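# Residue-level structure breakdown
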Amino acid sequence: MGSPLPVTFLLMIVSESTNPSVTLLQQHTRKPSVSISPSGEIVEGSSVTLTCSTDGNPPVESYIWYWTDGHFEGPERQSKTIRNETGQTYEIKNVNTGHSGGYRCLPLPGDSESNMVLLEVYYPPRNISVSISPSGEIVEGSSVTLTCSSDTNPPVKIYTWFKDKTEVASEKGQNYRITKISSKGRGEYKCTASNKYGTKDSPVVYMNVLYSPKSVSVSISPSGEIMEGSSVTLTCSSDANPPVKNYTWFKEGGISPVGSGQNYCITNISIEERGRFYCKAQNVIGSQTSPAVSVLEPGLDGGTEMALTRLDMETAEVPSVIYSCVKQHKHEMRIHALQIILTKQKFVVKVFACCSYEDRMQPVEGKDIKISGDIT
């Protein structure tokens, strides 16, 4: 009667296979995973699908999706449950940088989460700006650095700099450094940032460069011949930033200033007031003095040429030539020759000029007067 024994043994094996502890073991061996489609770089504005995959029993009834901000590292990272997402796939349409981060899934029933996968979103440069260092006032001769900043992924590959809408061909980096900046450095600047997904321009920034007065000059009004008894206005002009704050007028040979302000007026001018005048322009950065101009001294600034019809080369003394200094009042300029240069049939006499006034010979400062003519 030994045949019933195998049947009883088989029943025991079936009973063992239905033990709840074995079923629990099968449930805990399931390990889910998350995949991202499409693979490769995800560009802002595109669509992406995340899929939670798992195997084992019992069948999955629902899923929980978790998102972790990718901008934080370490213990500060906190996962958030993505609400209303319970399916095996999680689709994101029109993806943006706010979707960047880590994603995990949890199939239910069960307590085994997937490993985290990172979703990185790529986009062209944006929020482009230019900063100037040092901040505050920039004085001519100092050094300045302009920096182009942007928000972009991947990082900017090429920076291009512009001044007054013209490309600065020598500069391609994020920083544009100008050493010993001049007044010509004043103007509008901007940068362009480029990566593989696009290009963006920054707003224009204006860089102001302060400098002391330069190119200071004096103009006379009215122009032309000045007559005794008339009025004349001298005007001081310059290039300065900030504008000139103080103008001061001087007369050559004097110690104290003769006037102030951008314009210096002489009314009812007399021969006593003749001379050479100049101005000094000053702002908060520095000052510069103009060249002098002559008033009631014609012919001395640019030189005067006079023609002679006869010159006795055998005499040691050159005859004096009388020339009118102020024609309308018959004041005379007596010219004395200092040097005679003879070249073929031409001659040049270099002279020193004195004005005769009230029977006194008074030296007149100025350039030599050249007298030339043909030998007859």
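The rules behind the values
- Residues numbered from 1 in each chain as written.
- Predicted model: local features only at pLDDT ≥ 70, side-chain atom pairs only at ≥ 80, totals over all residues.
- Heavy atoms only, no water.
- Pairing = 2+ DSSP bridges.
- Helix = DSSP H or I, 4+ residues; strand = E, 2+ residues; numbered from the N terminus.
- Axes fitted to C-alpha atoms, helices over the stretch in contact; angles between N-to-C directions.
- Core = buried A, V, L, I, M, F, W, Y, C linked by side-chain atoms within 4.5 Å.
- Buried < 20%, exposed > 50% of the residue type's maximum accessible area, 1.4 Å probe, protein only.
- Contact = heavy atoms within 4.5 Å.
- Salt bridge = Lys/Arg side-chain N within 4 Å of Asp/Glu carboxyl O.
- Disulfide = S-S within 2.5 Å.
- Phe/Tyr/Trp six-rings, centres within 6.5 Å; stacked < 30°, edge-to-face > 60°.
- Lys NZ or Arg CZ within 6 Å of the ring centre and 35° of its normal.

Turning our eyes to something else, we now look at the sheet that holds strand β1 (residues 33-37). Spatial ordering of the open sheet is given by β1-β3-β6, a layout of three strands whose pairing is antiparallel. Only two strands of the sheet have a single partner each, and these edge strands are β1 and β6 (89-92). The sheet shows a mean angle of 15° between the axes of neighbouring strands, taken without regard to direction. Taken together, the four bridges between strand β3 (residues 48-53) and β6 define a ladder with antiparallel strand orientation. Residue pairing for β6: T49 is matched across the bridge by E91.

Turning our attention to the sheet that holds strand β14 (residues 175-178). Within the open sheet, the four strands sit side by side as β2-β9-β11-β14. Their pairing is mixed. Pairing within the sheet leaves two strands with one partner each, and these edge strands are β2 (42-43) and β14. Summarising the sheet, strand β11 (residues 144-153) and β14 pair through four bridges and their orientation is antiparallel. Each residue of the ladder has a partner; that of T147, found in β14, is N175.

This paragraph deals with the nonpolar core. V232, L234, W249, I269 and V295 are the most contacted members of the largest nonpolar core, which totals 20 residues. Where this core is concerned, the elements lending two or more residues are β18 (209-221), β19 (232-241), β20 (246-251), β22 (263-266), β23 (275-282) and β25 (293-295). Per-element accounting of this core gives the leading share, four residues, to β19. Filtering out sequence-adjacent residues up to four positions away, L234 remains in contact with V218, S219, I220, W249, Q262, N263, Y264, F277 and V295. Counting residues in hydrophobic clusters, the runner-up holds 19 residues, among them V144, W161, Y176 and V209.

All right, on to the pairing of β18 then. Sheet topology places strand β10 (residues 138-139) next to β18; two bridges connect them, and they run parallel. Bridging across to β18, I138 finds its partner in V209. With seven bridges joining them, β18 and β19 adopt antiparallel strand pairing. The residue of β19 that forms the bridge with I220 is L234.

Following the criterion strictly, the structure yields nine salt bridges and no others. Note that R126 is salt-bridged to E44, the shortest N-O span being 2.9 Å. One end of the pair, R126, is in strand β9 (residues 121-133); the other, E44, is in the loop between β2 and β3, and 82 residues separate them in sequence. Note on R126: relative accessible area 24%, which makes it partly exposed. Taken together, the salt bridges that share partners define one network made up of E44, R126 and D151.

A few words on the side chain of S114. Mapping S114 onto the fold places it in the loop between β7 (101-108) and β8 (117-119). Judged by its relative accessible area of 4%, S114 falls in the buried class. Among residues more than four places away in sequence, those in contact with S114 are P32, S33, V34, R104 and C105.

On to the state of the cysteines, then. Tallying each qualifying case throughout the model produces three disulfides. Ordering the disulfide-forming cysteines of the chain by sequence position, one finds them joined as 1-2, 3-4, 5-6.

Another aspect to go through is the side chain of N195. Summarising the element assignment, N195 is placed in strand β15 (residues 187-195). Residue N195 is classed as buried on the basis of its relative accessible area, which comes to 11%. Excluding residues that lie within four positions of it along the chain, N195 makes contacts with Y123, P124, P125, T152, N153, P154, P155, V156 and K157.

So, about the pairing of β23. Both β20 and β23 contribute to a ladder of six bridges, which runs antiparallel. Residue pairing across strands places K251 opposite F277, the latter belonging to β23. Bridge analysis of β23 against β25 gives three bridges, and the strand direction is antiparallel. Its bridge partner being in β25, R276 is matched across the sheet by S294. As defined by bridge partners, β23 adjoins strand β24 (residues 287-289) across three bridges and the pair is classed as antiparallel. Opposite K280, over in β24, you have T289 as the bridge partner.

This part takes up the packing of aromatic side chains. Using the criterion set out here, one finds eight aromatic pairs in the structure. Seen from their ring centres, Y176 and Y189 are 6.3 Å apart, and the 55° between their planes marks the pair as tilted. Placement of the pair is Y176 in strand β14 and Y189 in strand β15, with a sequence separation of 13 residues. For the pair Y176 and Y189, one class covers both residues: buried. Judged by centre distance (5.9 Å) and plane angle (45°), the rings of Y264 and F277 are tilted. In this pair, Y264 is assigned in strand β22 and F277 in strand β23, connecting sequence segments 13 residues apart. On the basis of relative accessibility, which here comes to 17%, the residue Y264 falls in the buried class. Judged by relative accessible area, which is 3%, F277 ranks as buried. An aromatic cluster is built from W65, Y90 and Y103, whose rings are joined through pairwise contacts. The positively charged end of K190 is found above the aromatic ring belonging to F162, 5.4 Å away from the centroid. Sitting above the plane of the Y211 ring, K214 keeps its charged end 4.9 Å from the centroid.

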